[in-house]
Amino acid sequence: MTASDGYLLDNQQAEAGRRFDALSALFDPTTFRHIENLGIGPGWRCWEVGAGGPSVVSWLAKKVGPTGRVLATDIDTSWAVSAARPPIQIRTHDVGTEEPPGERFDLVHARLVLVHVPDRERALQSMIKALRPGGRLLIEDADPALQPLICPDEYGPEQQLANRLRQGFRTLLADRGADLSYGRRLPRLLREAGLRQVEADAYFPIASPACAALEAATIRQIRDRLVAAGLATDEEIDRHLSHVASGTMDLATAPLISAWGRKG
């Protein structure tokens, strides 16, 4: 993530913690499975880029143990108070504009970060540069253009309103430089960057309670901007939040595409 005023989902907003919790519920099992498969163990040195909430860094710390190190960076580290204890170190850092940390890492991981970074190419090269020879890179990012709907089963006015608000959210993201089709390019980008043994998969949750929690927190976080841009009215947003709270809507997320490879 960058320090640009254009970043839509500010970590200091009141709803950010609820978004972190929902994202953890949705995507931590996928992230943990991939990192386990990459062979993480005691003594590993890990860099968690754009760490957001504490769930991934806390899990990494248990895996690497007291002989390992977990460096968690973000442009806003206010979330990190509860996680800042050995072997976790917290640092304010902008992966899109600053040089990487000086040491070589066994694992570098970023989730839902690069889609928001204007200079994505520089950020990706920075993460690869920080790897030791043989180190693993895992990048996980959304592809909202691949599946743009919050309600894939659009059978009534409630679902139509939800999808229209989701389109408004995507418009705000694009206006701030987000690349809404970035996720699908990750395997190619990792190969072109020289990584070996590149693989990828995608996860697409539907009808999880965490999808509803994420949607409610996101809409509340961007509410004023949706209204100011003429993309929704306060009445429409209130109606949509009521529909979400009812528990009767089958909500989805954009696919999370995970791509990984090894530095030669």
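Everything below is about the structure shown above.
Because the structure is predicted, anything quoted here is derived from the model rather than measured.

A. Representation of the pairing of strand β7 (residues 256-262) within the structure. Across the seven residues of β7, six count as buried, placing the element largely inside the fold. Sheet topology places strand β5 (residues 131-142) next to β7; seven bridges connect them, and they run antiparallel. In the sheet register, A142 faces β7, and the bridge partner there is L256. The pairing of strand β6 (residues 196-203) with β7 spans six bridges and is antiparallel. Pairing of A200 across the sheet is with A259, part of β7.

B. Fine view of the sheet that holds β6. Strands sit in the order β3-β2-β1-β4-β5-β7-β6 across an open sheet of seven strands; the sheet is mixed. Edge positions in the sheet fall to β3 (88-92) and β6, since each has one partner strand and no second. Averaged over all adjacent pairs, the angle separating strand axes in this sheet is 15 degrees, with direction ignored. By the bridge criterion, five bridges tie strand β1 (residues 45-49) to strand β2 (residues 69-74) in an arrangement that is parallel. When the bridges of β2 are listed, E48 appears paired with A72. Running over the sheet, helix α1 (residues 16-37) touches β4 (105-111), β5, β6 and β7 and is turned about 150 degrees from β4. Those strands touched by helix α2 (residues 55-64) are β1, β2, β3 and β4, and its axis lies near 165 degrees from that of β2.

C. Fine view of the packing of helix α6 (residues 209-228) against helix α7 (residues 234-245). Running from N to C, α6 and α7 cross one another at 175 degrees; their axes reach a closest spacing of 10 Å. Judged on the interaxial angle alone, α7 and α6 are roughly antiparallel. Residues A212, E215, A216, I219, R220, R223, L226 and V227 of α6 lie in contact with α7, whose contacting residues are D234, I237, D238, H240, L241 and V244. The residue inventory of the contact of α6 with α7, partitioned by class, reads eight nonpolar, one polar and five charged.

D. Looking closely at the nonpolar core. Residues L226 and L251 are the most contacted members of the largest nonpolar core, which totals 32 residues. Mapped onto this core, the elements with two or more residues apiece are α1, α4 (157-175), α6 and α7. The greatest single-element share of this core, amounting to seven residues, is contributed by α6. When neighbours within four sequence positions are excluded, L226 is seen to be in contact with L165, G168, F169, L172, I219, L231, A232 and I237. Counting 25 residues, the second-largest nonpolar core is a separate cluster that includes L71, F105, V113 and L190.

About the thresholds
Residues numbered from 1 in each chain as written. Predicted model: local features only at pLDDT ≥ 70, side-chain atom pairs only at ≥ 80, totals over all residues. Heavy atoms only, no water. Buried < 20%, exposed > 50% of the residue type's maximum accessible area, 1.4 Å probe, protein only. Helix = DSSP H or I, 4+ residues; strand = E, 2+ residues; numbered from the N terminus. Pairing = 2+ DSSP bridges. Axes fitted to C-alpha atoms, helices over the stretch in contact; angles between N-to-C directions. Contact = heavy atoms within 4.5 Å. Parallel < 35°, antiparallel > 145°, perpendicular 65-115°, else oblique. Nonpolar A, V, L, I, M, F, W, Y, C, P; charged D, E, K, R; others polar. Core = buried A, V, L, I, M, F, W, Y, C linked by side-chain atoms within 4.5 Å.

By themselves these figures say nothing about function.
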